[in-house]
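Here are the chains, one letter per residue:
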Number of protein chains: 2
Amino acid sequence: MNRAQLKANIFSKKSVLCVGLDTDLTKIPAHLLKEEDPVFAFNKAIIDATKDQAVSYKINTAFYEAQGLKGWISMEKTLNYIPKDIFTIADAKRGDIGNTSEQYARTFFHTYPFDSVTVAPYMGSDSVQPFLKFEDKWAIVLGLTSNAGSADFQLQPSGDELMYQKVLKTVASWGTPENIMFVIGATRKEQLQEVRALLPHHFFLVPGVGTQGGDVDTVCRNTMNEDGGVLINVSRGIIYVANDESFADKAHDAAVQYQKEMSVFF
Amino acid sequence: MNRAQLKANIFSKKSVLCVGLDTDLTKIPAHLLKEEDPVFAFNKAIIDATKDQAVSYKINTAFYEAQGLKGWISMEKTLNYIPKDIFTIADAKRGDIGNTSEQYARTFFHTYPFDSVTVAPYMGSDSVQPFLKFEDKWAIVLGLTSNAGSADFQLQPSGDELMYQKVLKTVASWGTPENIMFVIGATRKEQLQEVRALLPHHFFLVPGVGTQGGDVDTVCRNTMNEDGGVLINVSRGIIYVANDESFADKAHDAAVQYQKEMSVFF
């Protein structure tokens, strides 16, 4: 999917909602466990319930990989079930030397045809470049993450800036706002403003809203740009609101509420 | 596998050789392509040909993931075929927030029971900790990699040291030399000495020998410690020496030559 198509979907739905499918067998409603593929049954119901509000779905590959072959089958069925006009993210945090990153790009752009994949920057340019060679595909590179561990390296000084600032500026120079996005796990207004000032045109994937403490209003107010410019991911705050037969209805209600909060910015 | 078992195998074989199974369908001998599982047929022959010299096998998961389900099946068969007294590495470069890294640890320590997995440090402590909770399993964390991109962030100043030095010191404090190793892609004597001085007891996984320009003598001379302390990975320099029916014999000859160069350090 290219930027114009993503933008069109965002403005048509008046939404920047990304629903995170971190589907965990131990957390889904018990009545689904008798299905042949409980993970897919759950995801299918969640997609049906949220597809009018969501402009993106993010599949956290770790939860599928941990199930072995079964998990990859559930992942592929889920990917195929997502409507083609909704932006798909393989949240896989890959990154390796050039010839190996080529294989990862092939995995998530060809074998499993996602629109984008999350990429770790530590190994530098040749670890990211292979993801930028596919037309209408995106690398979503880790900039500032929302976990406690972000203090260990990302927030450490590097010259006269912080490490994540160096990462954002350096990685941005390897591609364009048409093929690179950044993970920005910020929840504070000042930090969001600073990152947006540094990169006015890039899309940001923002986790950490809902159960992790961020709020839609602050994120939208301080990061949205002329094309939308942000995808706000909510996982647990939508998919695990209820743990019984009402789970899909409750997910729908939560998605509607998030979309409503976002709609005032259009 | 614990450190004592790894050490025993190293001293018994007088070898620190790790054979990298970066098995690529486009590079293996043509006669194998008629096999039901060409990747496994290739790996099986390489393992048979090198298991008396190798103390470790490293499976580069990207090459398997790119094949989809077929690839994961080849990977599992390969892992099961490796003799149980040889240390196994899932070279997967994973790393995410805590609850997601738990899923990756489960993938590579339980679903696919490797002895170790390579881990990217950018997301900090909670992205690494879940890999340290499994008895006799190891996280092999990226310190200094051997690719050109290592200059982009790893070799940048961070306070009065370089980023990779901060990573080595910080990550080492999260575990012990019994559950953490580091990827050290150094080939220069001074850098190897400096890293060894910083971390006297940890094992290092050293790529970059052979086709990437490092040499066994320099690495062994400057990194080996009382327990061996290093695993030198060779991929292309062993598995792709020949591209015809002699490939396994040539791989054997190359492994014997590497082991001979290592043996003088015991």
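Everything here concerns the structure above.
Residues numbered from 1 in each chain as written. Chains lettered and ligands numbered in written order. Predicted model: local features only at pLDDT ≥ 70, side-chain atom pairs only at ≥ 80, totals over all residues. Heavy atoms only, no water.

Before going further, it helps to spend a moment on the environment of B:Phe134. Residues and elements named next belong to chain B. Among the structural elements, Phe134 can be located in the loop between helix 6 (125–128) and strand 5 (138–144). With a relative accessible area of 30%, Phe134 lands in the partly exposed category. Along the primary structure Phe134 and Lys70 are separated by 64 residues, whereas in three dimensions their C-alpha atoms are 28 Å apart. Look past the residues within four positions of Phe134 in its chain and what remains in contact with it is Ala105, Arg106 and Phe109. (Helix = DSSP H or I, 4+ residues; strand = E, 2+ residues; numbered from the N terminus. Buried < 20%, exposed > 50% of the residue type's maximum accessible area, 1.4 Å probe, protein only. Contact = heavy atoms within 4.5 Å.)

This paragraph deals with the pairing of strand 2 (residues 54–60) of chain A. Residue and element names in this part refer to chain A. Of all the 7 residues making up strand 2, 7 are buried; the element is thus mostly covered by neighbouring parts of the structure. Looking at chain direction, strand 1 (residues 17–21) and strand 2 are connected through 5 bridges and run parallel. What sits directly across from Val19, in strand 2, is Tyr57. In this fold, the crossover linking strand 1 to strand 2 by way of helix 2 (residues 38–50) has right-handed handedness. Pairing between strand 2 and strand 3 (residues 87–94): 5 bridges, direction parallel. When the sheet's bridge partners are listed, Ile59 is paired in strand 3 with Ala90. (Pairing = 2+ DSSP bridges. Right-handed = clockwise from strand over helix to strand, strands pointing away.)

Turning next to the interface of chain B and chain A. Accessible area lost upon the coming together of the parts is a frequently used measure of interface size. Residue-level contacts link 55 residues of chain B with 55 residues of chain A. For chain B, the biggest contributors to the area lost against chain A are B:Leu69, B:Tyr122 and B:Phe153; these three give 19% of the whole. Here chain B and chain A share 4 salt bridges between them. One salt bridge in this structure joins B:Arg94 and A:Glu65, with 2.7 Å as the shortest N-O distance. On the surface where chain B and chain A come into contact, there are 30 residue pairs in polar contact (both at pLDDT 80 or more). Put simply, the parts of the chain that give the side of chain B that touches chain A at least two residues each are helix 3 (61–65), helix 4 (69–81), strand 3 (87–94), helix 5 (98–111), helix 6, strand 5, strand 6 (157–158) and helix 7 (163–172) of chain B. Per element, the largest residue contribution to the side of chain B that touches chain A is 8 residues, and it comes from helix 5 of chain B. Looking at side-chain class alone, the side of chain B that touches chain A contains 23 nonpolar, 22 polar and 10 charged residues. (Buried area = accessible area lost by both parts, 1.4 Å probe. Salt bridge = Lys/Arg side-chain N within 4 Å of Asp/Glu carboxyl O. Polar contact = N/O pair within 3.5 Å; in protein donor to acceptor, adjacent residues only side chain to side chain. Nonpolar A, V, L, I, M, F, W, Y, C, P; charged D, E, K, R; others polar.)

Looking now at the sheet that holds strand 9 (residues 204–206) of chain A. Residues and elements named next belong to chain A. Reading around the circumference, 1-2-3-4-5-8-9-10 is the order of the 8 strands in this closed barrel, with parallel pairing throughout. The average angle at which neighbouring strand axes cross in this sheet is 30°, direction not considered. Where strand 5 (residues 138–144) lies against strand 8 (residues 180–184), 5 bridges are found, and the strand directions are parallel. Pairing of Val141 across the sheet is with Phe182, part of strand 8. (Axes fitted to C-alpha atoms, helices over the stretch in contact; angles between N-to-C directions.)

It is worth spelling out the packing of aromatic side chains at this point. With the rule as written, the count across this model stands at 23 aromatic pairs over all chains. Following the ring pairs from residue to residue traces out a cluster consisting of A:Trp72, A:Phe108, A:Tyr112, A:Phe114, B:Trp72, B:Phe108, B:Tyr112 and B:Phe114. Between A:Lys7 and the ring centre of A:Phe11, over which it is positioned, the NZ or CZ distance is 5.7 Å. The ring of A:Phe204 is capped by A:Arg196, whose NZ or CZ atom sits 4.0 Å from the centre of that ring. (Phe/Tyr/Trp six-rings, centres within 6.5 Å; stacked < 30°, edge-to-face > 60°. Lys NZ or Arg CZ within 6 Å of the ring centre and 35° of its normal.)

Bringing the relation of the copies chain B and chain A into the picture now. With an RMSD of 0.0 Å, the operation that places chain B on chain A is a rotation of 180° combined with a shift of 0.0 Å along the axis. Such a combination of turn and shift is consistent with a two-fold rotation axis. Across chain B, the rotation axis passes nearest the C-alpha of B:Ser158, at a separation of 2.3 Å. A share of 100% of interface residues in chain B that are also interface residues in chain A marks the association as one of identical surfaces. (Least-squares fit on C-alpha atoms with pLDDT ≥ 70 in both.)

Here we come to helix 1 (residues 3–13) of chain B. All names here are of chain B. Considered for burial, the residues of helix 1 that qualify are Arg3, Leu6, Asn9, Ile10 and Lys13. Projected down its long axis, helix 1 carries its buried residues within an arc of 130°, all on one side. Facing away from the buried side of helix 1 by over 90 degrees, the exposed positions are Ala4 and Ser12. The secondary structure elements touched by the buried residues of helix 1 are strand 2 (54–60), strand 3, strand 5, strand 8 (180–184), strand 10 (230–234) and helix 11 (247–263). Put simply, Asn2 is the residue that caps the front of helix 1, since its side-chain oxygen is 3.1 Å from the backbone nitrogen of Ala4. At the exit of helix 1 stands Lys14, carrying a positive phi of roughly 50°. (Arc of directions from axis to C-beta.)

A few words now on unusual backbone geometry. Keep in mind that most residues, glycine aside, have a negative phi and that most peptide bonds are trans. Backbone geometry at A:Lys14 places phi at a positive 50°, although glycine is not the residue there. Considering the arrangement of structural elements, one finds A:Lys14 in the loop between helix 1 (3–13) and strand 1.

On to the sheet that holds strand 5 of chain B, then. Residues and elements named next belong to chain B. If you walk around this closed barrel you meet the 8 strands as 1-2-3-4-5-8-9-10, and the pairing is parallel. Within the sheet, the average angular offset between the axes of one strand and its neighbour, ignoring direction, is 30°. Bridge count for strand 3 against strand 4 (residues 116–119) is 3 bridges, and the pairing is parallel. Across the sheet, residue Ile89 finds its bridge partner in strand 4, namely Ser116. Those strands touched by helix 1 are strand 2, strand 3, strand 5, strand 8 and strand 10, and its axis lies near 115° from that of strand 2.

Residue and element names in this part refer to chain B. Taken N-terminus to C-terminus, the directions of helix 2 (residues 38–50) and helix 4 make an angle of 20°; their axes are 9 Å apart at the nearest point. For the element pair helix 2 / helix 4, the angle class is roughly parallel. As helix 2 runs across helix 4, the sense of the crossing is right-handed. When helix 2 is examined against helix 4, the residues Val39, Phe40, Asn43, Lys44, Ile47 and Asp48 are found in contact with a partner set consisting of Ser74, Lys77, Thr78 and Tyr81. Of the residues that constitute the contact of helix 2 with helix 4, the class distribution is 4 nonpolar, 3 polar and 3 charged. (Parallel < 35°, antiparallel > 145°, perpendicular 65-115°, else oblique. Left-handed = near helix turned anticlockwise from the far one by under 90°.)

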